[in-house]
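Remarks on the overall topology
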Amino acid sequence: MSSDQRQPEGDLGLPGSLAWNVVWSYAVLRFTLGITFLFHGITRFVSGWSVFADQIVQSFHHTFLPDFMVRPFALSVPPVEAILGMLLCLGLFTRWALIAGGLWMIALVLGTTIRQDYATVAIQLLYALLFFVLQVWEPSNRFSLDNLMRMRRPQ
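Residues numbered from 1 in each chain as written. Predicted model: local features only at pLDDT ≥ 70, side-chain atom pairs only at ≥ 80, totals over all residues. Heavy atoms only, no water.

As for the nonpolar core
Residues L33, F37, L88, L98, W104, M105 and F131 are the most contacted members of the largest nonpolar core, which totals 17 residues. Of all the elements in the fold, those that place two or more residues in this core are α1 (16-46), α3 (67-90), α4 (94-114) and α5 (118-136). Looking at which element gives the most residues to this core, the answer is α4, with 5 residues. Not counting residues up to four positions away in its chain, the partners in contact with L33 are L88, Y127, L130, F131 and L134. (Core = buried A, V, L, I, M, F, W, Y, C linked by side-chain atoms within 4.5 Å. Buried < 20%, exposed > 50% of the residue type's maximum accessible area, 1.4 Å probe, protein only. Helix = DSSP H or I, 4+ residues; strand = E, 2+ residues; numbered from the N terminus. Contact = heavy atoms within 4.5 Å.)

Shown next as structure tokens:
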């Protein structure tokens, strides 16, 4: 094949091998973020759900937020993270999981900023950026249960 001949374009409007790289890279990033969230949730369940919530409540004692507001949110952290992580790992309801994950990051950043824990905020902003990237490139979500269900749906 001469250099002036063009490769066939993939479904993404990119040359074939580039489209494959985008799809593969998207799957790796989605799965990696999913594993991170899934195991954040699981380890907090295993190490003690209530203990985790107590630690979060304690970390907010020097803020204006009262315990009765912090504790329900703290108790929601493990299941929300585990569910988001599982959905991302499977590529199931990916678009909605990414939107929920982005909103979740807003809540976490808000709370962490109130605590003035800016080192953790920086890490959370990185997670928010990953949710953004995955949402923008969501059409590349080919290795997923979403795509499998879309392919099996009668036309």
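A short note on the pattern of salt bridges
The tally for this structure, following the rule as stated, stands at 3 salt bridges. In this structure, E81 and R44 form a salt bridge, with 2.5 Å as the shortest nitrogen-oxygen distance. In this pair, E81 sits in helix α3 while R44 sits in helix α1, placing the two residues 37 residues apart along the sequence. By relative accessible area, E81 is classed as buried at 5%. Among the residues examined, R44 registers a relative accessible area of 21% and is labelled partly exposed. (Salt bridge = Lys/Arg side-chain N within 4 Å of Asp/Glu carboxyl O.)

Digging into the layout of surface pockets
The computed volume of the largest pocket comes to approximately 570 Å³. Secondary-structure elements contributing two or more residues to the lining of the largest pocket are α1, α2 (49-59), α3, α4 and α5. It is α4 that contributes the most residues to the lining of the largest pocket, 7 residues altogether. The residue inventory of the lining of the largest pocket, partitioned by class, reads 17 nonpolar, 5 polar and 4 charged. (1 Å grid on protein atoms, 1.4 Å probe; cavity = no way out; pocket = protein on both sides within 12 Å on 5 of 7 lines; lining within 4 Å. Points joined across faces, edges and corners; volume = space filled by probe spheres on them. Nonpolar A, V, L, I, M, F, W, Y, C, P; charged D, E, K, R; others polar.)

Here we look at the environment of F64
Mapping F64 onto the fold places it in the loop between α2 and α3. Judged by relative accessible area, F64 falls into the exposed class, the value being 65%.

Quick word on unusual backbone geometry
Backbone geometry at F93 places phi at a positive 50 degrees, although glycine is not the residue there. Position of F93 relative to the elements: it lies in the loop between α3 and α4. Despite not being glycine, Q116 has its phi angle at roughly 60 degrees, a positive value. Secondary-structure assignment places Q116 in the loop between α4 and α5. Here Q116 falls in the exposed class, since its relative accessible area comes to 56%.

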